[in-house]
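Descriptive analysis of the structure
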Amino acid sequence: MSTGISIFVFNLVLLQLSDNYAVAAYGVIANIAVVVLALSNGIALGVQPIASREYGSHNWDHVKEAIFLGLKVALGLACILYFVLVFFKYPIISAFDHDHSLALLKIATNGLPLYFLSVFLPAKIY
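The text that follows walks through the structure, step by step, so that each part is easy to find. Please read these numbers as outputs of a predicted model, since none were measured by experiment.

**Considerations on the overall build of the chain**
A count of helical and extended segments in the chain gives 5 helices and 0 strands. Secondary structure elements of the chain, listed N to C terminal, follow the sequence α-α-α-α-α. Taken over the C-alpha trace, the chain has a radius of gyration of 18 Å; the compact-globule value for 126 residues is 14 Å, which it surpasses by more than 25%. Along the first, second and third principal axes, the C-alpha set of the chain runs to 55 × 35 × 20 Å. Buried residues in the chain amount to 28% of all 126 residues. Sequence separation of 24 or more characterises 62% of the internal contacts of the chain that already satisfy a separation of 6 or more. Summed over all atoms, the accessible surface of the chain reaches about 9,000 Å², with 70% contributed by carbon and sulfur.

**Observations concerning the packing of helix H4 (residues 89–96) against helix H5 (residues 102–115)**
Contact pair H4 / H5: the axes reach a minimum separation of 10 Å and the direction vectors enclose 125°. In terms of orientation, H4 lies oblique with respect to H5. As for the relative orientation of H4 and H5, their crossing is right-handed in sense. On H5, the residues touching Lys89, Tyr90, Ile93 and Ser94 of H4 are Leu105, Ala108, Thr109, Leu112 and Pro113. Here the residues of the contact of H4 with H5 are counted per class, giving 6 nonpolar, 2 polar and 1 charged.

**Some words on the side chain of Asp97**
On the secondary structure map, Asp97 appears in the loop between H4 and H5. Of the buried charged residues, Asp97 lacks a salt bridge, with Lys106 as the closest side chain of opposite charge at 14 Å. A distance of 2.8 Å separates a polar atom in the side chain of Asp97 from the backbone nitrogen of Ser101.

Calculation rules
Residues numbered from 1 in each chain as written. Predicted model: local features only at pLDDT ≥ 70, side-chain atom pairs only at ≥ 80, totals over all residues. Heavy atoms only, no water. Helix = DSSP H or I, 4+ residues; strand = E, 2+ residues; numbered from the N terminus. Rg over C-alpha atoms; globule rule 2.2 N^0.38 Å. Buried < 20%, exposed > 50% of the residue type's maximum accessible area, 1.4 Å probe, protein only. Contact = heavy atoms within 4.5 Å. Areas by Shrake-Rupley, 256 points an atom, 1.4 Å probe, with all protein chains shown as cover. Axes fitted to C-alpha atoms, helices over the stretch in contact; angles between N-to-C directions. Parallel < 35°, antiparallel > 145°, perpendicular 65-115°, else oblique. Left-handed = near helix turned anticlockwise from the far one by under 90°. Nonpolar A, V, L, I, M, F, W, Y, C, P; charged D, E, K, R; others polar. Lys, Arg positive; Asp, Glu negative; His and termini not counted. Salt bridge = Lys/Arg side-chain N within 4 Å of Asp/Glu carboxyl O. Polar contact = N/O pair within 3.5 Å; in protein donor to acceptor, adjacent residues only side chain to side chain.

Structure follows, in structure tokens:
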């Protein structure tokens, strides 16, 4: 429920600062972010049982190896996704923009590279 409230408040702020095109641009970016988050979660969910098995076997080196391999794969995926999202942002955004709005395209192309700098930051560091 907190996610829905946060998005609602964020949309209200965007409407006060700009117009409907800013809200639409955020919607485009948020939909792309769902896919990126799903891919990142897939890596985390793939590493977790391997690291847990090795932890249960007291193979500390293998635990570290599994975690570092997961981090390497996540960083590699982040680089690839950021490259694709920055260099192919026009066709990606256009897939969501059926009205071919220049205002939406301008806002989304400026916001997309900024928003997705976050793909390089791990969600949780223990």
